[in-house]
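Survey of secondary and tertiary structure
What follows is the residue order along each chain.
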Amino acid sequence: QFVESSRQLAAQALLYSQDKSAILQFIAARLLSRELSTTEIEIVNETLDFSYAKFKAAPDKAAALISVGESIAPEKLDPAQLAAWTLIANQILNMDETLNK
């Protein structure tokens, strides 16, 4: 459920904007009700860049991740990008601050 929820949020964010900063703040606003700090943004960007490169090199792994759950991922989104942002949304969703708000 967490993976599918993360994918849905990532898809909404990607449909909202293609700007990396706007996508990140879209996710943070919904999960944390605040903007991310500079340190948090640096960590997320490292994870995003690493994840995107891995999913771009292994499209089957991206497809497997974005197919988790009953809902269907939007076909117009790049699977590698959606998979990478799914991991970011999941990372933020699993923060103590999100779980204990």
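Below is a short write-up of the structure.

Rules used throughout
Residues numbered from 1 in each chain as written. Predicted model: local features only at pLDDT ≥ 70, side-chain atom pairs only at ≥ 80, totals over all residues. Heavy atoms only, no water. Helix = DSSP H or I, 4+ residues; strand = E, 2+ residues; numbered from the N terminus. Polar contact = N/O pair within 3.5 Å; in protein donor to acceptor, adjacent residues only side chain to side chain. Contact = heavy atoms within 4.5 Å. Salt bridge = Lys/Arg side-chain N within 4 Å of Asp/Glu carboxyl O. Buried < 20%, exposed > 50% of the residue type's maximum accessible area, 1.4 Å probe, protein only. Axes fitted to C-alpha atoms, helices over the stretch in contact; angles between N-to-C directions. Left-handed = near helix turned anticlockwise from the far one by under 90°. Core = buried A, V, L, I, M, F, W, Y, C linked by side-chain atoms within 4.5 Å.

Right, let's talk about the side chain of Thr 86 for a bit. As for its position among the elements, Thr 86 is in helix 5 (residues 79-93). A polar contact is formed between the side chain of Thr 86 and the backbone oxygen of Leu 82, at a distance of 2.7 Å. With sequence-adjacent residues up to four places away left out, Thr 86 is seen in contact with Val 3, Ser 6, Arg 7, Ala 10, Leu 65 and Ile 66.

Moving on, we come to the pattern of salt bridges. A full pass over the atoms with the stated rule returns three salt bridges. Glu 40 serves as the salt-bridge partner of Arg 34, at 2.8 Å between the closest nitrogen and oxygen. Classification of Glu 40 as partly exposed rests on a relative accessible area of 21%.

Right, let's talk about the packing of helix 2 (residues 20-32) against helix 5 for a bit. Their axes nearest at 10 Å, the elements helix 2 and helix 5 cross at an angle of 35°. Handedness of the helix 2/helix 5 crossing: right-handed. Touching Lys 20, Ile 23, Leu 24, Ile 27, Leu 31 and Leu 32 of helix 2 are Trp 85, Ile 88, Ala 89, Ile 92 and Leu 93, all from helix 5.

Once that is clear, we can look at the nonpolar core. Ile 27, Leu 82, Trp 85 and Ile 92 are the most contacted members of the largest nonpolar core, which has 30 residues in total. Put simply, the parts of the chain that give this core at least two residues each are helix 1 (2-16), helix 2, helix 3 (38-57), helix 4 (59-66) and helix 5. Per element, the largest residue contribution to this core is nine residues, and it comes from helix 5. Residue contacts for Ile 92: discarding those within four places in its chain leaves Leu 24, Ile 27, Leu 31, Leu 32, Leu 36 and Thr 98.

Quick look at the side chain of Ser 6 now. Among the structural elements, Ser 6 can be located in helix 1. On the basis of relative accessibility, which here comes to 2%, the residue Ser 6 falls in the buried class. A distance of 2.7 Å separates a polar atom in the side chain of Ser 6 from the backbone oxygen of Phe 2. There is a polar contact of 3.2 Å between the side chain of Ser 6 and the side chain of Asn 90. If near-sequence neighbours (up to four positions away) are discounted, Ser 6 is found in contact with Thr 86, Ala 89, Asn 90 and Leu 93.

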